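Chain residues, written in single-letter form:
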Amino acid sequence: LCEQCSVAAEQVWGALQTQWDSAKVDPYKSPEQGQALFVLLKGENEMQGRFIRSGSNEIGECCLDANGVLTLTQLHEGLTLCDRLWFATENLRFRTGLVEQNGKISHTSFYSEIRRKTS
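Residues numbered from 1 in each chain as written. Predicted model: local features only at pLDDT ≥ 70, side-chain atom pairs only at ≥ 80, totals over all residues. Heavy atoms only, no water.

Let's talk about unusual backbone geometry
(1) Moving on: Positive phi, close to 50 degrees, is recorded for Glu77, a residue that is not glycine.
(2) Moving on: Relative to the elements of secondary structure, Glu77 occurs in the loop between strand E5 (70-76) and strand E6 (79-87).
(3) Moving on: Its identity is not glycine, yet Asn102 carries a phi of approximately 55 degrees, on the positive side.
(4) Moving on: Within the secondary structure, Asn102 sits in the loop between strand E7 (92-101) and strand E8 (104-114).
(5) Moving on: Using a relative accessible area of 71% as the deciding quantity, one classes Asn102 as exposed. (Helix = DSSP H or I, 4+ residues; strand = E, 2+ residues; numbered from the N terminus. Buried < 20%, exposed > 50% of the residue type's maximum accessible area, 1.4 Å probe, protein only.)

Concerning the sheet that holds strand E3 (residues 48-53)
(1) Moving on: Strand order across the open sheet formed by 8 strands is E1-E2-E3-E4-E5-E6-E7-E8, with antiparallel pairing between neighbours. Sheet topology places strand E1 (12-21) and E8 at the edges, where each strand pairs with a single neighbour. Looking at each pair of strands side by side, their axes are set apart by 25 degrees on average, direction ignored.
(2) Moving on: Here E6 runs beside E7; their pairing, made up of 9 bridges, is antiparallel. Looking across to E7, one finds that Phe87 is bridged to Arg93. (Pairing = 2+ DSSP bridges. Axes fitted to C-alpha atoms, helices over the stretch in contact; angles between N-to-C directions.)

Structural data, given as structure tokens:
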């Protein structure tokens, strides 16, 4: 991903992978499945920086607040995408998503994600 976006490995601060599968929750709805890889890049200070998201060659902005909430904001094809992620417990992560188009909210989402532990 870094090579695709011409980002040097020295700029990487960390990475985050998310996956979702609504088919496991509601068998009556058409399944919404996917995954995304976020590569966080070092910024001017340790609480703010930039990021790359898989499927997009555009670089967005990220911010980690004092409460441990990571906010990722990206402009993509005329849309503003904003994701907020935080851990409620050690293994339970919450994620909200907001999509704005022409200054108006066009989509919102909420996910709860359970961290899978491997032996």
